[in-house]
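A closer look at the structure
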Protein chains: 2
Amino acid sequence: MTTTDKECPMHKTALLLSDPWTMLLMRDLLTGPRRFCDLERSLVGISTRTLTLKLKKLEEERMLKKSKEGTYVITRKGKGLAPVERAMRRYGEKYL
Amino acid sequence: MTTTDKECPMHKTALLLSDPWTMLLMRDLLTGPRRFCDLERSLVGISTRTLTLKLKKLEEERMLKKSKEGTYVITRKGKGLAPVERAMRRYGEKYL
DNA sequence: CGGCATCCTACGCGATACTG
DNA sequence: CAGTATCGCGTAGGATGCCG
């Protein structure tokens, strides 16, 4: 029997990634630090408002942090998403 | 340089999973066929409306199909999500 | 049981304009 | 460059009621 309550690890991860931008943003940061304008350019179509909000939320969740130089850097917790990123990319390549 | 256009596999997968319910629903079906009311019970909090819409959308995308007996069965394309499901679950267990 | 139809609200997000 | 502020809209999704 599966669970969907808030304690379920799948549920929590699903909530974390339940918007189109978060994973795309984290994917970018997995390749290295980025400035605001870098992200704005690679995340084609995102508004400054949304980018600001996502960065703030992910910073609060300690998935990333802002460096002294003003770039956004992924944390250990954020790096943990690498296997998810890989699995999603492979799925897309194979089935979509 | 990363891409965010519609041809990017990551982008397509991210869009597919960009709501809280889809992955939870697919996770359930990965363990076996389910009836409407089974899903309704395990996906705590989902409305019949949303469940109906998600099922319809995922059926159109051929992630699942409805069997003669009325149960929902995952397709090969849907089964391909298993590695993503595993990665997400492990991430939740480890970091969330 | 397995839905479909309606209604209504919340909010995610883009567009735009402005500031340090 | 790196945001913040405001507005306005589309739509995802819950609540409810009805039906074969």
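Note that the two copies of the chain are related through a rotation about an axis and a translation along the same axis. Overlay of chain B on chain A (RMSD 0.0 Å): rotation 180 degrees, translation along the axis 0.0 Å. When the rotation and shift are considered jointly, the pair of chain copies conforms to a two-fold rotation axis. Identified as the residue of chain B closest to the rotation axis by C-alpha distance is B:Ser18, at 2.2 Å. Residue by residue, 100% of the interface of chain B is reproduced at the interface of chain A, so both copies engage with the same surface.

The subject of this paragraph is the packing of aromatic side chains. Residue and element names in this part refer to chain A. A full pass over the atoms with the stated rule returns 2 aromatic pairs over all chains. Seen in terms of ring centroids, Tyr91 and Tyr95 are 4.7 Å apart; in terms of plane orientation they differ by 25 degrees. Their pairing is stacked. Of this pair, Tyr91 and Tyr95 both sit in helix α6 (residues 82-95), 4 residues apart, roughly one helical turn.

For DNA strand D, the set of nearby residues contains 18 residues, the closest of which are A:Thr52, A:Tyr72, B:Arg49, B:Thr50 and B:Lys54. Within 4 Å of the protein, the contacting atoms of DNA strand D are 55% sugar and phosphate, with bases supplying the remainder. Contacts to DNA strand D include A:Tyr72, whose side-chain N or O atom sits 2.6 Å from a phosphate oxygen. At a separation of 2.7 Å, a phosphate oxygen of DNA strand D approaches a polar side-chain atom of B:Thr50. Looking at the surface near DNA strand D, the elements with two or more residues in it are α3 (36-42) and α4 (48-60) of chain A together with α4 (48-60) of chain B. Along the lines of polarity and charge, the residues of the surface near DNA strand D split into 5 nonpolar, 5 polar and 8 charged.

As a further point, take the nonpolar core. Among the nonpolar cores identified, the biggest contains 53 residues, and A:Val84, A:Met88, B:Leu81, B:Val84 and B:Met88 are the most heavily contacted of them. Those residues within four positions of B:Leu81 in sequence are excluded, and the remaining contacts are A:Tyr91, B:Leu17, B:Met23, B:Met26 and B:Met63.

In the vicinity of DNA strand C there are 19 residues, among which A:Arg49, A:Thr50, B:Cys37, B:Thr52 and B:Tyr72 approach most closely. Sugar and phosphate atoms form 59% of the subset of DNA strand C atoms that lie within 4 Å of the protein. Between DNA strand C and the protein, one listed contact pairs a phosphate oxygen with a side-chain N or O atom of A:Thr50 at 2.7 Å. At 3.0 Å, a side-chain N or O of B:Thr48 approaches a base nitrogen of DNA strand C. Looking at the surface near DNA strand C, the elements that each hand over two or more residues are α4 of chain A together with α3 (36-42) and α4 of chain B. Split by residue class, the surface near DNA strand C holds 6 nonpolar, 6 polar and 7 charged.

What follows concerns α6(A). For α6(A), built from 14 residues, the straight-helix expectation of 20 Å at 1.5 Å per residue is met to within 8% by its first-to-last C-alpha distance of 20 Å. For α6(A), the set of buried residues is A:Val84, A:Glu85, A:Ala87, A:Met88, A:Tyr91, A:Gly92 and A:Tyr95. On an axial view of α6(A), the arc spanned by its buried residues comes to 165 degrees, and they lie on one face. Exposed positions of α6(A) whose direction lies more than 90 degrees from the buried face are A:Arg90 and A:Lys94. Against α2 (22-30) of chain A together with α1 (9-16), α5 (76-79) and α6 (82-95) of chain B lie the buried residues of α6(A).

Structurally, the position occupied by A:Thr13 is in helix α1 (residues 9-16). Classification of A:Thr13 by relative accessible area gives buried; the value is 0%.

Reading guide: rules and limits
Residues numbered from 1 in each chain as written. Chains lettered and ligands numbered in written order. Predicted model: local features only at pLDDT ≥ 70, side-chain atom pairs only at ≥ 80, totals over all residues. Heavy atoms only, no water. Least-squares fit on C-alpha atoms with pLDDT ≥ 70 in both. Contact = heavy atoms within 4.5 Å. Phe/Tyr/Trp six-rings, centres within 6.5 Å; stacked < 30°, edge-to-face > 60°. Helix = DSSP H or I, 4+ residues; strand = E, 2+ residues; numbered from the N terminus. Near = heavy atom within 4 Å. Polar contact = N/O pair within 3.5 Å; in protein donor to acceptor, adjacent residues only side chain to side chain. Nonpolar A, V, L, I, M, F, W, Y, C, P; charged D, E, K, R; others polar. Core = buried A, V, L, I, M, F, W, Y, C linked by side-chain atoms within 4.5 Å. Buried < 20%, exposed > 50% of the residue type's maximum accessible area, 1.4 Å probe, protein only. Expected span 1.5 Å × (residues − 1). Arc of directions from axis to C-beta.

Purely geometric stuff here, so don't read any function into it on its own.
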